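A closer look at the structure
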Amino acid sequence: MNKVPITLMRGGTSKGVFLQKKDLPATDQEREEFLLDIMGSPDPNQIDGLGGANSLTSKVAIIDKSSNSSYDIEYTFAQVSLYDQMVDFKGNCGNISSAVGPYAIAKGLVSIEEPITKVRIYNTNTKKIITAEVEVENGRVKTEGDYSIPGVPGSASPIFLSFENPEGAVTGKVLPTGRPIDFLSCSLGEIRASIVDIANPLVFVRAQDIGLRGDELPEEYSKEQIDLLEELRAAAAEKCGFASKSEATRLSPATPKLTVVSKPFDYQDIEGEFHREEDFNVLVRMMSMQRPHKALAITGAVCITAASKIEGTILSEIIDKNSQTISIGHPAGVMETIYSEKPLSIKVGRTARRLMEGTVYTKSNYGQSVI
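Residues numbered from 1 in each chain as written. Predicted model: local features only at pLDDT ≥ 70, side-chain atom pairs only at ≥ 80, totals over all residues. Heavy atoms only, no water.

Tallying each qualifying case throughout the model produces 18 salt bridges. For Lys363, the salt bridge identified is with Asp48, shortest N-O distance 3.0 Å. With a gap of 315 residues between them, Lys363 in the loop between strand S21 (352-362) and strand S22 (368-369) and Asp48 in the loop between helix H1 (28-39) and strand S3 (59-65) connect regions that are remote in the sequence. Classification of Lys363 as exposed rests on a relative accessible area of 53%. Take Asp48: its relative accessible area is 55%, and that puts it in the exposed class. Across the salt bridge formed by Glu220 and Arg213, the nearest N and O atoms sit 2.9 Å from each other. Judged by relative accessible area, Arg213 falls into the partly exposed class, the value being 46%. Residues participating in the shared-partner salt-bridge network are Asp37, Asp48 and Lys363. (Salt bridge = Lys/Arg side-chain N within 4 Å of Asp/Glu carboxyl O. Helix = DSSP H or I, 4+ residues; strand = E, 2+ residues; numbered from the N terminus. Buried < 20%, exposed > 50% of the residue type's maximum accessible area, 1.4 Å probe, protein only.)

Turning to the environment of Pro158, a few remarks are in order. You can see Pro158 is positioned in the loop between strand S8 (140-141) and strand S9 (159-164). With 29 residues separating them along the chain, Pro158 and Ser187 place their C-alpha atoms 44 Å apart. Apart from the residues lying within four places of it in its own chain, the contact partners of Pro158 are Glu133, Glu135, Tyr147 and Arg350. (Contact = heavy atoms within 4.5 Å.)

A full pass over the atoms with the stated rule returns four aromatic pairs. Measuring from centroid to centroid gives 5.3 Å for Phe18 and Tyr103, while their planes differ by 40°, and the two rings are tilted. Note that Phe18 is positioned in strand S2 (residues 14-20) and Tyr103 in helix H3 (residues 100-106), a separation of 85 residues in sequence. You can call Phe18 buried: its relative accessible area is 0%. Judged by relative accessible area, Tyr103 falls into the buried class, the value being 3%. Measuring from ring centre to ring centre gives 4.7 Å for Tyr71 and Tyr122, while their planes differ by 15°; the resulting arrangement is stacked. Of the two residues, Tyr71 sits in the loop between S3 and strand S4 (73-80) while Tyr122 sits in strand S6 (residues 116-123), which places them 51 residues apart along the sequence. Residue classification places Tyr71 among the buried residues on the basis of a relative accessible area of 13%. (Phe/Tyr/Trp six-rings, centres within 6.5 Å; stacked < 30°, edge-to-face > 60°.)

Rendered as structure tokens:
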């Protein structure tokens, strides 16, 4: 057995293992084998690793201090599959991104300014800049506060993320197919959809077009409904050029993200809290690694916000294009984003904290040998 230093962080509604690039294997193959081993994959229970048997907790952030004066930190996101021998590096995770600033400050990778330290983060997956505003007190990241987010118990100090020029993050195009509307073939026939790549590629379909209400909670979906959603996502992955429809689940399981949208109506969230239709602009249900997301990906919220400004998309039919603040209803509650243009920037509030620091033991042939 070998050992490698790690930090376990919660970022928003996700949780992940944070490592510094210098502590990782040099080659892509060795790196993938190492990440699969420490997370306990492939195994739905991830019983022999650090993963939490959920796509929201099977995530890794690889951090490196930047030598580029334009940004402070280089950050690579890895989604580790529970079911297959694969690690997906295609897109980013906005929730995990919210923990990058606090991690960099705690590790002494950036200069501290009180009361707010701004950390310029370069995400290598999308080649985009994210600016994190982190509260600092007495030289340390402030953790206590009264800011709360849906899907996370309690409150904490806020972290504000600004996603700058997020267009074409993975495909290089805002509209990967060149069209605001596409038709995806599935067992129901041809389904109207919008494929948009802003912060991450998402494929949007209306709930009413696929026989859903739009306010389903994660445990309510039948196997047939989940299979249908994955069939639609796979068809969109093929249109994006990520993989053929038949191979998309295996080769591109995380991107694009299937997102079901509908006009606002009263609904109850996971905790039983009631939300009135006048309190939000759009109702959303997102899939994550072939499972219903229990909240909403931050990059998804960014894409939803920006897609609402693109004439002809499904989102533009639901959300008033003049709205600068967008409220998004999701299974855990309501999330707010702030839209700015010229240059395009979308701000989202999160919380994050360090959970554990220590050593992970690996069966892979990498790391410091255990004596």
